[in-house]
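# An overview of the molecular structure
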Amino acid sequence: MSIAQPTSPGPSVVVGCTGIVAESVKRAFGDVRAVDGVTFSAPSGAVTALIGPNGSGKTTLLLVLAGLLRPDAGTARVGGFDIVTENLAARASVGWMPDSFGTWDALTCREILLTFASAYGLSPEAGRRRAASLFEQLHLTEFAERPARVLSRGQKQRLGLARALVHDPCVLLLDEPASGLDPRSRIELRDLLRDLALEGKTVLVSSHVLSELEEVYDHAVFLSKGRTVEATAVDARTAERGWRLDALDPVALRTFLSNAGIPWARSSGGEVIVQLAGTDSAMQLVRAAVAAGVALHTIAPVAGRLEEAYLALDEERK
Amino acid sequence: MTTPTPSGATSASASVSPVAGSAPTRPGAPRPDTTTAGASASLGFLRGLWIVTRLELAQRIRSRKLYVALAIWFLVIGAVTLLMLAAFVRSRTSETPDSAFGPAAFGIITLFVLGLSLLVTPTFTALSINGDRDAGTLAILQATRLTAVQIAGGKLLAAWLLALWFLVAALPWIVVTTVMGGISPLQVVVCFLVMFVEVAIVCAIGLGWSALIGRPAGSTVMTYASVALLSVILPITLGFASVLTMRNDTVHVWNYAGDPATLTAQANDWAASGFAPSKRPDWSACHPEEQVMTRPHVESIWWLIAPNPFVIVADAAPLPSGARGNLETWAGRSGDPLAWLSLLTRSLSLPPSSDLDQCSWALMSDNPALRNYEVLSTTDGGAVVVDSKGNVLDTGSPVPRRIITANTPIWPWGLGFSLLLGAGMFYVAVRRLSVPYGVLPKGTRVA
């Protein structure tokens, strides 16, 4: 699956798409400092996850990067263009998918895409080809001639993604793109984001559902109270975290753990959860279990990397 | 393990942790093409404008509501027109030709259509910006290469074209009124064009309010209030404020000192001669007396009604060439409400006359049935003598008569002011749509 190139069939070198660079970006609404010092960079050819609790300023930051909000302080460049002094060029190189957006009731999905294609300066012919390939890719072809209002939430979400991609932007800003998508669509979205990154695009994606991002992101930017924060560097070898264990004979596993003096708890699925101090301990436990004849077949961290880092953020929810 | 990109990450590739099944950043790999023509290619102004216009029009044209509204509009105006024509036909006497009613019929329907347009037009734009913002369709348009001028202009153009539909739907009935005669095609065309400009101004006002006020109800109220201000509230204000302009003036009141019967007899001879100038009555007994009167000086505040849409259309309506020299005569003879409105506005703009003619009333001391002329009061307290056809006669009275002409138009001032107002509101809309946003209107979100 790859984004069809409407004008050039093969990959070639693009000039000037240099990802996202934000320096000390601040933006307040009255007294509310929604974004209060955000510094990060998202390189091209990679998926960058934007992570933070509700109200941490993710959406505002994306609005700033989409060229819609003027930062009170700081600078940001997207695709090589300053979002304030080169706003139009910056907007043209960004595909922005907001967390919520509307559709034009009277227009069909195809008309909406064609409208946006022309609003981004594509020729009618290029717009038509682009729309057709996006519909194909996002499984919307059967809805192309239907009014957008009849779409389900997930289908609307896919249409919104198509809209953000219609001008083949070099920077993609996606605000909660997976919300409302069914599991299959989520997996396809993940693959799509990976493909886009492989094509050299800059993909910045925010989500609450960390498991969505877990398998797709290259970098993560953590936001808390409007600031980028450094997640506590977790050393995987020594950091304590929960591990999920399962064996062919669960009773033998529990007996082994009790004998070894390792505290354990039963998870809802009948598996066993233990707290281990990092990968070294896990490796030792596997070795000991196998040596003891326990038919261990599963050992995995309970939480994903992102979740670990997310939960390690100190400034969380007060 | 995850190394989140730290603040101010220097090297991107250093902080990458490969993810199972997916490739990390490949340093040195050629960046594939993106077809983003990006900064260089420009979206033509008119093309961008038309994208927005088409989008707005599609929303309206594909809704059945528009056609229902147009049908009701057509039927209401048609019903009023036919009723009015029926009333005219019934009320006319055998010797009055149909064309005597032509200007009145045309004027009434023109003002009626204008009034209805002022009621309908605000709905075309009063929600066009805050409504889109609520629907979540504004920000994604602003994020494209469309500029604020293109978005605001496209919306204005769409609303204007919609208003044109309504005016065109009313046009057949306006044309029907001209079958009675006395109306030139030029009059129809000019009135139509001025109304077309007026609705554009209303559209721009609505657009400005919808950009300024976040709540749709608020912008709707303010748009209607603005239209009401121009067409109703300012005239009422003028009425009350005129009392405040009262001043003591010394006025020459001309009275007839002799026997009125003598003058009336002379006047009847004059009438019998076909109003020959040589047979005019003898006014030697008519003398002025100085008298102090408290009178309003509306001429200092008359401009309050200059931007009134009805006044603008009425004053812009062309008159028959013979009527321009004396508006009062024409208005009296034709009953044309447009001429009356224009006359009223012009008379308000003039200072009250310093002479008061009470001599002319002495011409009426006989049996009115025998007389083929009539004395009429004028709006400034004087009097004129008119023949049975409504022509103002020069009686030779020593009191200077004031004739209000339609030779210099006053509507360009009102229309100019209204256009400035509309342009100002359009500018407000453009400013409010310009991204990146500095200050957001209260209570609004970007998306």
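On to the overall build of chain B. Helix and strand counts for chain B come out as 14 helices and six strands. A total of 447 residues make up chain B; the buried ones form 40% of that total. The contacts of chain B with a sequence gap of at least 6 include a subset with a gap of at least 24, amounting to 81%.

Ranked by internal contacts, the top residues of the largest apolar core, which has 170 residues, are Leu173(A) and Cys203(B). Among all residues touching Cys203(B), those that are not within four sequence positions of it are Thr121(B), Phe124(B), Thr125(B), Leu156(B), Ala159(B), Trp160(B) and Ala163(B). Among the nonpolar cores identified, the runner-up in size contains 16 residues, and Trp270(B), Trp283(B), Cys286(B) and Val385(B) belong to it.

Quoted interface sizes are often the accessible area lost when the parts come together. Residue and element names in this part refer to chain B. Under the domain assignment, chain B is made up of domain 1 (45-240 + 411-433) and domain 2 (249-393). Each of domain 1 and domain 2 has a C-alpha centre, and these two points are 37 Å apart. Contacts between the two partners involve 27 residues from domain 1 and, on the opposite side, 20 residues from domain 2. For the side of domain 1 that touches domain 2, the element with the most residues is helix H3 (residues 102-120), which contributes eight residues. Classifying every residue of the side of domain 1 that touches domain 2 gives 19 nonpolar, seven polar and one charged.

Another point: the packing of helix H12 (residues 327-334) of chain B against helix H13 (residues 337-348) of chain B. Residue and element names in this part refer to chain B. Across the interface, H12 lies against H13 with an axial gap of 9 Å and an inter-helix angle of 145°. Classified by chirality, the crossing of H13 by H12 is left-handed. Residues Leu327, Glu328, Trp330, Ala331 and Ser334 of H12 touch H13, and the partners they reach there are Ala339, Trp340, Ser342, Leu343 and Arg346. The residue makeup of the contact of H12 with H13, split by class, is six nonpolar, two polar and two charged.

All names here are of chain A. Examined at the domain level, chain A breaks down into domain 1 (20-229) and domain 2 (240-312). Contact with domain 1, which involves seven residues of that partner, is made by six residues of domain 2. It is helix H7 (residues 210-214) that contributes the most residues to the side of domain 1 that touches domain 2, four residues altogether. Each residue belonging to the side of domain 1 that touches domain 2 can be placed in one class, and the counts come to five nonpolar, one polar and one charged.

Turning our attention to the sheet that holds strand E13 (residues 272-277) of chain A. Residues and elements named next belong to chain A. Spatial ordering of the open sheet is given by E12-E13-E11-E14, a layout of four strands whose pairing is antiparallel. In the strand order of this sheet, the two ends are held by strand E12 (264-266) and strand E14 (296-301), each with one partner. Between one strand and the next, the sheet's axes are offset by a mean angle of 30°, whatever the strand orientation. Relative to the sheet, helix H9 (residues 278-291) contacts strand E11 (240-247), E13 and E14, its axis offset from that of E13 by approximately 125°.

Rules and cut-offs
- Residues numbered from 1 in each chain as written.
- Chains lettered and ligands numbered in written order.
- Predicted model: local features only at pLDDT ≥ 70, side-chain atom pairs only at ≥ 80, totals over all residues.
- Helix = DSSP H or I, 4+ residues; strand = E, 2+ residues; numbered from the N terminus.
- Buried ≥ 20, exposed ≤ 12 C-beta atoms within 10 Å, placed from the backbone.
- Contact = placed C-beta atoms within 7 Å.
- Core = buried A, V, L, I, M, F, W, Y, C linked by C-beta atoms within 7 Å.
- Domains from an automatic or database assignment.
- Nonpolar A, V, L, I, M, F, W, Y, C, P; charged D, E, K, R; others polar.
- Axes fitted to C-alpha atoms, helices over the stretch in contact; angles between N-to-C directions.
- Left-handed = near helix turned anticlockwise from the far one by under 90°.
- Pairing = 2+ DSSP bridges.

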